[in-house]
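So the chains spell out like this:
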Amino acid sequence: MNQEEIWAALEIERRGVADLLGSLPPDDWERPSLCEGWRIRDVAAHLALATRVSVPRAMVDFVRARGSFNRFVHDTAVRHARLPVGELVAQVRESATSHRRAPTTKPLDPLFDVLVHAQDIAVPLGLDRAMPLEAARACAAHIWERGFPFHPQRRLRGLRLVATDVDWSAGEGDVVEGPVQALLLLLSGRPAALPGLRGATGAARAGIRST
């Protein structure tokens, strides 16, 4: 995907997530997401922050998190989640047309972020939300090569991942295959990916546990 295609896909996905969030009853906002220790409200806040983080603010928050990237991302989301849900929805919708990226992120990172976090919201609520295939394929290739913070090549060493709905594969070893949407969740360490995959899923589960 070129940059214009990425921006176009990102706008569609952010608007879709805003619509999804806007349709949720109040109780759903407090439910656990697929991210361990994150409520759906926290995931929404993280997405709302995607185009609002400045370098000085990020540096302050990173120091506040004592240098832990995971704590930094979690804590900034939890603090932002104190806003009213209507404001969070509005901020996610407003971000749809923004071309700002968070510090240190790559061009495909925001698209990957919204694709996976949309599943973090939808799956635990029993909602079906399909990823666009080309966007998911591009993000799978990107995250496989990206390394930090998921390190899939290290976690899933000895496995060959094969998408059954698009032309994408990666790795060497025992085959794990399934829809690229499930593979993208596997790459990002989500156990919810496993029911959609077949093959060496026991080894894939071990790779998830090592995150």
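Residues numbered from 1 in each chain as written. Predicted model: local features only at pLDDT ≥ 70, side-chain atom pairs only at ≥ 80, totals over all residues. Heavy atoms only, no water.

### Describing the overall build of the chain
Moving on, step 1. Across its full length, the chain holds ten helices and four strands.
Moving on, step 2. Along the chain, from the amino end to the carboxyl end, the secondary structure elements read α-α-α-α-α-α-α-α-β-β-β-α-β-α.
Moving on, step 3. Taking 17 Å as the expected radius of gyration for a compact globule of 211 residues, we find that the chain reaches 17 Å, a close match to that expectation.
Moving on, step 4. Its C-alpha atoms put the chain at 45 × 35 × 35 Å along the principal axes.
Moving on, step 5. Burial statistics for the chain: of 211 residues in total, 48% are counted as buried.
Moving on, step 6. Put simply, 63% of the contacts in the chain that link residues at least 6 apart link residues at least 24 apart.
Moving on, step 7. Carbon and sulfur atoms provide 53% of the accessible area of the chain, an area that totals close to 10300 Å². (Helix = DSSP H or I, 4+ residues; strand = E, 2+ residues; numbered from the N terminus. Rg over C-alpha atoms; globule rule 2.2 N^0.38 Å. Buried < 20%, exposed > 50% of the residue type's maximum accessible area, 1.4 Å probe, protein only. Contact = heavy atoms within 4.5 Å. Areas by Shrake-Rupley, 256 points an atom, 1.4 Å probe, with all protein chains shown as cover.)

### Focus on the packing of aromatic side chains
Moving on, step 1. A complete count under the given rule lists one aromatic pair for this structure.
Moving on, step 2. Plain terms: the ring middles of Phe112 and Phe150 are 5.6 Å apart, the flat faces sit at 70 degrees to each other, and that makes the pair edge-to-face. Taken together, the residues Phe112 in helix H6 (residues 109–122) and Phe150 in the loop between helix H7 (133–146) and helix H8 (152–155) connect sequence positions 38 residues apart.
Moving on, step 3. Looking at Phe112, the relative accessible area reads 6%, which means it is buried. (Phe/Tyr/Trp six-rings, centres within 6.5 Å; stacked < 30°, edge-to-face > 60°.)

### Comments concerning the sheet that holds strand S3 (residues 174–178)
Moving on, step 1. Pairing is mixed across the open sheet formed by four strands, whose spatial order is S2-S1-S3-S4. Both edges of this open sheet fall to strand S2 (169–171) and strand S4 (198–199), since each of them pairs with a single strand only.
Moving on, step 2. Pairing geometry for strand S1 (residues 159–163) and S2, over three bridges, is antiparallel. Within S2, the position partnered with Leu161 by the bridge is Ala170. (Pairing = 2+ DSSP bridges.)

### Section: the layout of surface pockets
Moving on, step 1. Taken as a whole, the second largest pocket spans an internal volume of roughly 150 Å³.
Moving on, step 2. In this structure, the second largest pocket is lined by Gln119, Val123, Leu127, Asp128, Arg129, Gln181, Ala182, Leu185, Ala192, Ala193, Pro195 and Gly196.
Moving on, step 3. With three residues, helix H9 (residues 180–187) is the largest single contributor of residues to the lining of the second largest pocket. (1 Å grid on protein atoms, 1.4 Å probe; cavity = no way out; pocket = protein on both sides within 12 Å on 5 of 7 lines; lining within 4 Å. Points joined across faces, edges and corners; volume = space filled by probe spheres on them.)

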